[in-house]
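Reading the structure
Here is how the chains run, residue by residue.
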Amino acid sequence: SREADRTMVPRALLLACATLGADALSLRAAPLARGLQAPGLRRAAVVATTTLEPSSVLPVAPEDEWIARVDLDAFGKECRQLGDRLEKGQGEADIRHLKKMVLWSNLCGAVGMATMWMRPNIVSVMGLSLWTMSRWTMIAHHTCHGGYNKQDDGSGRFTSMGFALGSVRRRAMDWLDWMLPEAWNVEHNNLHHFRTGEPGDPDLVERNLQTLRDIPMVPRPVKYAFVAIIACMWKWYYYAPNTYKQLKMHELRRSGKGIPESVDIHAPFAITKFLPGGGSEAPALGYNFFDYLMKVAGPYLAIRFFLLPAPLLLINPLFFQRAVVNLLLADALSNLHSFIIIATNHAGDDMYQFENSVTPKSGSFYMRQVITSVDFRTSNGIRADGTARPVHGHTADANDFMHGWLNYQIEHHLWPQLSMLSYQKAAPELRAICAKHGVPYVQHSVFRRLKKTADIMVGATSMRKFRPEWEKEADRFEWKS
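Residues numbered from 1 in each chain as written. Predicted model: local features only at pLDDT ≥ 70, side-chain atom pairs only at ≥ 80, totals over all residues. Heavy atoms only, no water.

1. Brief notes about the overall build of the protein chain
Of regular secondary structure, the protein chain possesses 20 helices and four strands. The buried share among the 481 residues of the protein chain stands at 58%. Summing over all exposed atoms, the protein chain offers an accessible surface of approximately 19,400 Å²; the carbon and sulfur share of this is 62%. (Helix = DSSP H or I, 4+ residues; strand = E, 2+ residues; numbered from the N terminus. Buried < 20%, exposed > 50% of the residue type's maximum accessible area, 1.4 Å probe, protein only. Areas by Shrake-Rupley, 256 points an atom, 1.4 Å probe, with all protein chains shown as cover.)

2. Regarding the nonpolar core
Residues Phe 75, Trp 175, Leu 430 and Val 439 are the most contacted members of the largest nonpolar core, which totals 111 residues. Among residues more than four places away in sequence, those in contact with Trp 175 are Arg 135, Trp 136, Ala 140, Cys 144, Phe 163, Ala 164, Arg 170, Pro 181 and Trp 184. (Core = buried A, V, L, I, M, F, W, Y, C linked by side-chain atoms within 4.5 Å. Contact = heavy atoms within 4.5 Å.)

3. Quick word on a nonpolar patch on the surface
Together, Val 111, Ile 122, Val 123, Met 126 and Met 402 give the surface a local cluster of nonpolar side chains, amounting to about 420 Å² of exposed area. The greatest single-element share of the nonpolar patch, amounting to three residues, is contributed by helix α6 (residues 122-144). Structurally, the position occupied by Val 111 is in helix α5 (residues 92-115). (Patch = residues over 30% accessible without salt bridge, like charges linked within 9 Å, V, L, I, M, F, W, Y side chains within 5 Å. Salt bridge = Lys/Arg side-chain N within 4 Å of Asp/Glu carboxyl O.)

4. A word on unusual backbone geometry
Despite not being glycine, Ala 164 has its phi angle at roughly 65°, a positive value. Judged by relative accessible area, Ala 164 falls into the buried class, the value being 1%. Within the chain, Met 217 stands out as a residue other than glycine whose phi angle is a positive 65°. Within the secondary structure layout, Met 217 lies in the loop between α10 (210-214) and α11 (220-231).

Worth remembering: the numbers are spatial, not functional.
Written out as structure tokens, the structure reads:
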């Protein structure tokens, strides 16, 4: 797989961007402690040595000393209790909030469509871009995770089993984007969330960008420029074809056939793999470019760039041409916006990577989700002393809307089944739990995280490594594939 990776640097780069969902890694213990934890937290007395073994041969860095002081069982218990309480407390308020966000998203789309016949302009481009972004990262993201399953009105639309699934019509009405919803559900909801920061995580930035990181004779500024270019097209170049690859492997597993040995299950699949000599694994997985085009990219291309502006042809062909240009610019901006708020969620020299898996919902699992994820500026915000401000209405929602609600990545990774409103409520409480147990909780500006992510991609910095001997033996777990 390393040989194939060398032939296509862009391919590896784009995997780092994925993550709708996206979802990547976040922050390390020490910076977090400096930024958000109460003074002296890292010097707290040892509660229980549940991870770091005293007999460890290698010295422990100061940034990692907190690991030995965490009582994982107690930490996991409090995390489970908070998640259960928030889930049981969901109801009509969450549905009203969802409808509010759907309205905001639709208003962005309406403004964009009403003005896209004009010369290329920022109003049209911004409206259309925000429409696309919010439909994915907020509405589809939390609905597909089941955040509103228990508040279903009987229609089944805003549920994980119904939203955007089953037909092109359903996809066009609920969530139209480059990715096939069924494929994204497998790649993101299953693989990324249950194996965050592990080899089985398809969105592991440092590993997937190894070729770009190591490539010789390329000045670092050129690498940064390449990252910027890819950010404007990562969904169609990498994320859509890679999620489809994950879906095809998932289907083979479920049918009992297994994955052919010629397929590297962790290798990223960029659109260029379909080119002659691109090393495509598609034939071994039972599909080809035509199949991908018809089922995944084709419907989006036809509906977004032809059918949507087509009525303008009846008025003036020039209006149609302008609309297509505005739609293309909006797509590039939406790619860039989503890259900034998705690829940065799990990447940085202060985020951890792991060699093994742990049991879902165990104390180790909850700890991992915290130390491999990062929050951006949240609705309640943080005072200078590190305490949280209270959640507040429209201003809070506006902040979270522009972040695609991915500014609550830590809370989302602990409890992916919750609603958007629940994450606003959860953040201050989870932050307090982490401070109590000495688990690093990282929160930075999205632009600071963008720089940290780009540094990982170009090889300027590296992720922190969580050594196997630090793991709690009772929480270890091995996936079948």
